[in-house]
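# A closer look at the structure
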Amino acid sequence: MFDGVGRRRDQNSGQLLNIGEHSLNGNERDCLFRNNGDGTFTDVGYVNQADRVEDGRGVSIFDYDQDGQLDVALRNYKQPAQLLHNAGGSGHWLELKLIGTRSNRDAVGARITLTTGGQRQTREVQAGSAYLSASSLVQHFGLGATTHIDSIHIRWPSGHETTLTDLGADRQLMLREGEATAVPVTTWRDPDRDTASRASGNGTTK
């Protein structure tokens, strides 16, 4: 460890700092990594004003205002929580919420593969995402300049599989296990209770 952060460098030397009620994390700036699409990532926390210095203990990622841009909620130790609102950009997107019937209700463990323009993205529905944290169960796919989705393949925890094809971008969709079409929604509610009409691209299920 480095001098001055509350730990000794070795058994005999080093400098101790009284950090009081704060933890060693208090002065470390948060990072926000952008996927460059070539297997590398760039820290853009400073550019996006996300390089916070509070003593962070938890983080949740979700689209709180349902505008298709992911936002970040931070839980801090003995400090107010913070919501980092994504002001958005010109990129396209798609959000998908799964509802299990044969599988568990939240479809935790489902694997989603989206294909567009010869490229694939994969998401897995998870119940927890970090220390004392959980992110939205809605799966978000960034599409960049692409406006057309070739296919979405879902493998449910039960082993059931569903494939959706020929979909447009910038939409919120909800899919129930065992059904061949996804329901476009404006709020994340159960399809049985949502007033949105049932309309989507062609789909197959097995």
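For clarity, every value in this text was computed on a predicted model and none was experimentally measured. (Residues numbered from 1 in each chain as written. Predicted model: local features only at pLDDT ≥ 70, side-chain atom pairs only at ≥ 80, totals over all residues. Heavy atoms only, no water.)

## Some words on the pattern of salt bridges
Should their charged atoms come close, side chains of opposite charge can pair. Going through the model one piece at a time under the given rule, you end up with five salt bridges. Where Glu161 meets Arg155, a salt bridge forms, and the shortest distance between an N and an O atom there is 2.6 Å. Among the residues examined, Glu161 registers a relative accessible area of 18% and is labelled buried. Two residues, Glu179 and Arg176, come together in a salt bridge whose shortest N-O distance is 3.9 Å. (Salt bridge = Lys/Arg side-chain N within 4 Å of Asp/Glu carboxyl O. Buried < 20%, exposed > 50% of the residue type's maximum accessible area, 1.4 Å probe, protein only.)

## Looking at the confidence of the model for the chain
Averaged over every residue, the pLDDT of the chain is 81; the share at 70 or more is 78%. Confidence drops under pLDDT 50 across residues 194-201; counting only partners more than four residues distant or on other chains, this segment forms 23 contacts. (pLDDT = per-residue confidence, 0-100. Contact = heavy atoms within 4.5 Å.)

## Quick look at the sheet that holds strand β4 (residues 71-76)
The three strands lie next to each other as β3-β4-β5, forming an open sheet whose pairing is antiparallel. A single partner strand is all that each edge strand has here, and the edge strands are β3 (56-62) and β5 (82-84). With direction set aside, neighbouring strand axes in the sheet form an average angle of 20°. (Pairing = 2+ DSSP bridges. Helix = DSSP H or I, 4+ residues; strand = E, 2+ residues; numbered from the N terminus. Axes fitted to C-alpha atoms, helices over the stretch in contact; angles between N-to-C directions.)

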